[in-house]
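Coordinates in review
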Amino acid sequence: MQMTEQKDVVIRFCGDSGDGMQLVGTMFSNIMSRLGYQVFTYPSYPADMRAPKDSLSGVSSFQVHFGTQVSEPGDEVDVLVCLNPASYKTNYRSVRAGGIVIYDETVFDARRLTNAQMDADNPFGELPPQCTVWPLPVTSRCAVLEAAKSRNVYLLGCLCYYLDVDEALVQAELEGKFGKKPAVLETNTAVLQAAYNFCTNLQIDKCPVVHTADKRADNATTLTLLSGCQAACRGLMKAADAVSRRLFLGSYPITPATDILIELEKQRKHGVIAVQAEDEIAGCSMAVGAAFGGLIGVTSTSGPGMCLKSEAIN
């Protein structure tokens, strides 16, 4: 796949719930944003609260679409990064012809392939034409480093090496994320270095995306990477300021809307009131009461929380 000829690239990270796909997807988004690209992301969470390990219903994913000008998360996937067979099974149909599948070969064993309803003799037989499959010994390498929870970082390192992203940029992202946890930072740094060393020793052919020096040096435009929740918070604060009212949020944590509660709680110094209620109904009722009291009353939720909100509204 010649990504140097493309104006944009779509990469999807996928794995079991708890494998850190949202974390590594966010980190990769930050890295590409710092290189001067526009970024559009699409996180996907399993519907089950905690599905059985390696089950099809427990797959979590994070899609990143980056390029010179992007305005949607992308349809077909150029690179699919998989941490287990179930994640491949539920996402392979999105891979475009000529795309790449990067996977953890250590866990693509007979048992897990059977659980994912895949053909053990030809697990990638249903991929579109001209696709490349790149196996990586992720779990076994991380086991040697006693870093089983950092498999996502190992995959991130291999992917960034392949895209010819400077290791220092990835390291800076790790430091920004884990800087307050020295032991965690040390472990993930070792995993990142191991990934780059692995690719270097095997002399993996790089497929560099166009991140030229002039993009990094362009000071005319400042790019800000925002999640949907962060953008919603900014909009709410702006609206409250426009009508000279205090903003009140009554909410109950539920992924992915929890970030709205977290972001607005940080804005107390600007007059925002954010309360974590005991349940969805209480959060909604607090927002209604705040509105009657003259504030801008807001509540937030996602998925099944809407049903409970409707009870309070009714």
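Residues numbered from 1 in each chain as written. Predicted model: local features only at pLDDT ≥ 70, side-chain atom pairs only at ≥ 80, totals over all residues. Heavy atoms only, no water.

1. Thoughts on the overall build of the protein chain
- In terms of regular secondary structure, the protein chain is built from 12 helices and nine strands.
- For 314 residues, the compact-globule formula gives about 20 Å, and the C-alpha radius of gyration of the protein chain, at 22 Å, lands near that figure.
- Counting only C-alpha atoms, the protein chain reaches 65 × 50 × 40 Å along its principal axes.
- Counted over contacts in the protein chain with a minimum sequence separation of 6, partners at least 24 positions apart contribute 73%. (Helix = DSSP H or I, 4+ residues; strand = E, 2+ residues; numbered from the N terminus. Rg over C-alpha atoms; globule rule 2.2 N^0.38 Å. Contact = heavy atoms within 4.5 Å.)

2. A word on the packing of aromatic side chains
- What the rule picks out here adds up to 11 aromatic pairs.
- Between Phe13 and Phe28, the aromatic rings sit 5.6 Å apart at their centres with planes inclined by 65°, giving edge-to-face as the arrangement. Taken together, the residues span a long stretch of sequence, with Phe13 in strand E1 (residues 8–16) and Phe28 in helix H1 (residues 21–34) at a distance of 15 residues.
- You can call Phe13 buried: its relative accessible area is 2%.
- Overall, the relative accessible area of 0% leaves Phe28 in the buried class.
- Plain terms: the ring middles of Tyr154 and Phe198 are 6.4 Å apart, the flat faces sit at 50° to each other, and that makes the pair tilted. (Phe/Tyr/Trp six-rings, centres within 6.5 Å; stacked < 30°, edge-to-face > 60°. Buried < 20%, exposed > 50% of the residue type's maximum accessible area, 1.4 Å probe, protein only.)

3. A short note on the side chain of Gln171
- Examined against the element boundaries, Gln171 turns out to sit in helix H6 (residues 167–178).
- Residue classification places Gln171 among the buried positions, given a relative accessible area of 16%.
- The contacts of Gln171, once residues within four sequence positions are left out, are Leu185, Thr189 and Leu192.

4. Notes on the sheet that holds strand E3 (residues 59–67)
- Taking strand neighbours across the sheet as the criterion, the six strands line up as E2-E3-E1-E4-E5-E6 in an open arrangement whose pairing is mixed. Whereas interior strands pair on both sides, the edge strands pair on one side only; in this sheet they are strand E2 (38–44) and strand E6 (132–136). Sheet twist, expressed as the mean angle between neighbouring strand axes with direction ignored, is 15°.
- Pairing between E1 and E3: nine bridges, direction antiparallel. Note that in E3 the partner of Phe13 across the bridge is Phe62.
- The sheet contacts of H1 involve E1, E2 and E3, and relative to E3 the element is tilted by about 5°. (Pairing = 2+ DSSP bridges. Axes fitted to C-alpha atoms, helices over the stretch in contact; angles between N-to-C directions.)

5. Remarks on unusual backbone geometry
- Positive phi outside glycine occurs at Glu146, with the angle close to 55°.
- Looking at the secondary structure, you find Glu146 in the loop between helix H4 (138–144) and helix H5 (151–162).
- In this model, Ser244 sits at a positive phi of 55°, which is unusual for a non-glycine residue.
- If you trace the backbone, Ser244 turns up in the loop between helix H9 (228–242) and strand E7 (247–251).

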